[in-house]
Amino acid sequence: MEKPDYAKGLEGVIAAESRICYIDGQQGKLYYMGYSIEDLVEQCSFEEIVYLLLYRNLPTGSELDGFSERMRSFRALPEQVKQMIHAFPTGAHPMELLQSVMAYLSSYVQHKIQHSATCNCRDTLHQVAQMATVAATYARYRDGNDYIEPRDDLSHGANFLYMLRGEEPDPDEGEIMDNCLILHAEHGFNASTFTSRVVASTLSTCYSSISAAMGSLYGSLHGGANERVLKMVDAIGDKSKVEKWVDNALSKKQKVMGMGHRVYKAKDPRAKVIEKYLQDLSDRKNNWRDYEILKEIERVFGNRMKDKGKPIYPNVDFFSGALYRLLGIPTILFTPIFAVARVGGWLAHILEQREGNRIYRPKSLYVGKKDLPFVPLEKR
Ligand SMILES: CC(C)(COP(=O)(O)OP(=O)(O)OC[C@H]1O[C@@H](n2cnc3c(N)ncnc32)[C@H](O)[C@@H]1OP(=O)(O)O)[C@@H](O)C(=O)NCCC(=O)NCCS
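How each quantity is defined
- Every chain is numbered independently, its residues counted from 1 as its sequence is written.
- In keeping with the model being predicted, local features are shown solely for residues with a pLDDT of at least 70 and side-chain atom pairs are shown and tallied solely at 80 or more, while totals for entire chains, interfaces and linings include all residues.
- Note that the side-chain values use all heavy atoms of the structure and ignore hydrogens as well as water.
- Think of it this way: one heavy atom of a residue within 4 Å of a molecule or strand is enough to make that residue near it.
- By the criterion applied in these results, polar contacts are pairs of N or O atoms within 3.5 Å in which, for protein atoms, one can donate a hydrogen and the other can accept it, and in which residues neighboring in sequence qualify only through two side-chain atoms.
- Throughout, the Shrake-Rupley method with a 1.4 Å probe supplies accessible areas, and for residues the shown protein chains are the sole cover considered.
- Here a pair means two rings of Phe, Tyr or Trp (six-membered ring of Trp) with centres within 6.5 Å. Their orientation is stacked below 30 degrees between planes, edge-to-face above 60, and tilted elsewhere.
- Helix numbers and strand numbers start at the N terminus; a helix is a DSSP run of H or I with at least 4 residues, a strand a run of E with at least 2.
- Throughout, exposure labels follow a simple rule: accessible area from a 1.4 Å probe, protein chains only, divided by the maximum for the residue type, with under 20% read as buried, over 50% as exposed, and the rest as partly exposed.
- In this description, a disulfide is simply a cysteine sulfur pair whose atoms lie within 2.5 Å.
- DSSP bridges decide pairing: two strands pair if at least two such bridges lie between them.
- Counted as salt bridges are all cases of a side-chain nitrogen of Lys or Arg within 4 Å of a carboxyl oxygen of Asp or Glu.
- Lines fitted to C-alpha atoms define the axes here, with helix axes fitted over just the stretch in contact, and angles between the N-to-C directions of these axes take values from 0 to 180 degrees.
- For classification purposes, angles smaller than 35 degrees are called roughly parallel, those larger than 145 roughly antiparallel, those between 65 and 115 roughly perpendicular, and all remaining angles oblique.
- Helix crossings get a hand from a simple test, with the near helix turned counterclockwise from the far one by less than a right angle marking a left-handed crossing and a clockwise turn marking a right-handed one.
- Here a residue-residue contact requires only that any non-hydrogen atoms of the pair lie within 4.5 Å.
- Residue polarity follows a fixed list, in which Ala, Val, Leu, Ile, Met, Phe, Trp, Tyr, Cys and Pro are nonpolar, Asp, Glu, Lys and Arg are charged, and the others, Gly among them, are polar.

A. Fine view of the site of the ligand. Residues in contact with the ligand amount to 16 residues; listed here are only the nearest, Val256, Gly258, Met259, Arg262 and Lys310. In the model, an oxygen atom of the ligand is placed 2.7 Å from a nitrogen or oxygen of the arginine 262 side chain. Taking lysine 265, its side chain carries an N or O atom lying 3.1 Å from an oxygen atom of the ligand. In the complex, 64% of the free accessible area of the ligand, which totals 870 Å², lies under the protein chains.

What follows is the structure, encoded as structure tokens:
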């Protein structure tokens, strides 16, 4: 019998209607709830974006004040969570820690609305607020430092840098960090978001939905490309060596990290914004090495692919690793930072999924054996 066609990896399959995120891959445009990412990153705080994602409209001044105050009040970690971080095996990855903490936080909710179509995640903001504290505390303990109380007078991004470093960041660096969280807050039906919706569709709690999404993000095909971009930059070492390195990579059919995207067929709009921040910080810190290597990769690889008739452009991960390095963030936190930002998007999708919910249940194409003669245990 001829094999029926099917979309491996669900590529191109429309699995649900959504009003949260629109990506115009041809033009390189990204919108959250209808607003362009350029406007949002220019004019909003991360907390404002979380509000937009959860309530589907931009807050008024007083709504934002109340929401920010509430979110900030949830930043500090309960003693039990601090103990969990302390007890976490040193060799384990912080994404596994975040995943566990997220599942554990469920026990702090008085009224778990499990098995119901509604979700109280707009009230229990600690899922969003505490992830940054967990990531920073993990890094502090790993380096032999003590827990530091979060500050409620700093933006989400600035407070994250404050907790990581133990001192208040320069306001520009705090703003860059907050904006990076905005840029990573939402991106349509990617693997982790789809995971969160599949789990939510069973009417499991939003905590287990997010915990599962984190497991999905942890995989190297999803989060983590910026870490591999930095490894590539370090392996190249100098701008003058880029051309030879790229040609060698292409001859071996090796992927150039941070380049190309399944959806964008133009430069990723997030990469454009992050590039500006990287230029700015490279200038202020008088350290241009990574930026120069990256620009040369973009030029050489871009030209080679254009000559082949397959133009490829930088994606969000191309410049972000180098930017985080200049902000003093350890590489092991790159994927956790993605999760700290994306948790707002996941919650928005969980809420949307629960409205007019239908449990996900696709089919597989069975290609195994049938009607095998059963062999009793003693005869095998
Ligand atoms: C993201 C990615 C998986 C998208 O892959 P895709 O959907 O197959 O991309 P395209 O269809 O546009 O690829 C067109 C061609 O360019 C090649 N190509 C795409 N990205 C490439 C890259 N980064 N390095 C080398 N070649 C690449 C593809 O292999 C394909 O070649 P082929 O026609 O000979 O098979 C791919 O670009 C990639 O692996 N990038 C590097 C990893 C990365 O940065 N991931 C983070 C994504 S946010």
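B. Spotlight on the packing of aromatic side chains. Counted according to the given criterion, the structure contains ten aromatic pairs. Consider the rings of tyrosine 51 and phenylalanine 67, whose centres lie 5.3 Å apart with planes at 85 degrees: the pair is edge-to-face. Of this pair, tyrosine 51 sits in helix α2 (residues 46-55) while phenylalanine 67 sits in helix α3 (residues 61-73), and the two are 16 residues apart along the sequence. Each ring, one from tyrosine 55 and one from phenylalanine 67, has its centre 6.2 Å from the other, and the planes form 85 degrees; the classification is edge-to-face. Of this pair, tyrosine 55 sits in helix α2 while phenylalanine 67 sits in helix α3, placing them twelve residues apart in sequence. Taking the relative accessible area as the measure of exposure, tyrosine 55 reaches 27% and is therefore partly exposed.

C. Layout of the state of the cysteines. This model, assessed by the stated rule, comprises zero disulfides. The structure places no disulfide on cysteine 21, whose sulfur is separated from the nearest cysteine sulfur, that of cysteine 44, by 15 Å. Relative accessible area serves as the criterion here: at 18%, cysteine 21 is assigned to the buried category. Judged by its relative accessible area of 13%, cysteine 44 falls in the buried class.

D. Layout of the sheet that holds strand β3 (residues 35-36). The strand order across the open sheet built from three strands is β1-β2-β3, with neighbouring strands paired in antiparallel fashion. Where the open sheet ends on each side, the last strands, each with one partner, are β1 (21-24) and β3. Sheet topology places β1 next to strand β2 (residues 29-32); four bridges connect them, and they run antiparallel. Residue pairing across strands places cysteine 21 opposite tyrosine 32, the latter belonging to β2.

E. Geometry of the pattern of salt bridges. Taken as a whole and judged by the stated rule, the model has 27 salt bridges. Measuring nitrogen to oxygen at the nearest pair gives 3.1 Å for the salt bridge that ties glutamate 243 to arginine 304. Residue glutamate 243 is located in helix α12 (residues 242-251), and its partner arginine 304 is located in helix α14 (residues 289-307); the two are separated by 61 residues in the primary sequence. For lysine 295, the salt bridge is made with glutamate 275, and the minimal N-O distance between the two is 2.9 Å. With lysine 295 in helix α14 and glutamate 275 in helix α13 (residues 269-284), this residue pair connects regions lying 20 residues apart in the sequence. We classify lysine 295 as partly exposed; its relative accessible area is 28%. What emerges from the salt-bridge pattern is a single network uniting Asp170, Asp172, Asp280 and Arg284.

F. View of the packing of helix α6 (residues 126-142) against helix α7 (residues 156-165). Interaxial distance between α6 and α7 falls to 8 Å at its minimum, and their mutual angle equals 20 degrees. Our classification of the angle between α6 and α7 gives roughly parallel. Of the two possible hands of crossing, α6 and α7 adopt the one that is right-handed. Facing Val128, Ala129, Ala132, Thr133, Ala135, Ala136, Ala139 and Arg140 of α6, the residues of α7 in contact are His156, Phe160, Met163, Leu164 and Arg165. Counted by class, the contact of α6 with α7 contains nine nonpolar, two polar and two charged residues.

G. A look at the side chain of asparagine 226. When you line up the elements, asparagine 226 lands in helix α11 (residues 225-236). Since its relative accessible area comes to 5%, asparagine 226 is described here as buried. A polar contact is formed between the side chain of asparagine 226 and the side chain of serine 320, at a distance of 3.2 Å. Non-local contacts of asparagine 226, meaning those with residues more than four positions away in its chain, are made with Asp317, Ser320, Gly321, Tyr324 and Phe334.

H. Geometry of α7. Taking burial as the measure, the ten residues of α7 include nine buried ones, the bulk of the element. Those residues of α7 that fall on the buried side of the exposure criterion are His156, Gly157, Ala158, Asn159, Phe160, Leu161, Tyr162, Met163 and Leu164. Check the buried side of α7 and you find it contacts α2, α3, α6, α8 (171-183) and α16 (334-354). In the segment just after α7, glycine 166 is the residue with positive phi, at about 85 degrees.

I. Quick look at the packing of helix α5 (residues 94-105) against helix α10 (residues 206-218). With their axes 8 Å apart at the nearest point, α5 and α10 run at an angle of 175 degrees to one another. Judged on the interaxial angle alone, α10 and α5 are roughly antiparallel. The segment α5 lies against α10, with Met95, Glu96, Leu98, Gln99, Met102, Ala103 and Leu105 engaging Tyr207, Ile210, Ser211, Ala212, Met214, Gly215, Leu217 and Tyr218. Split by residue class, the contact of α5 with α10 holds eleven nonpolar, three polar and one charged.

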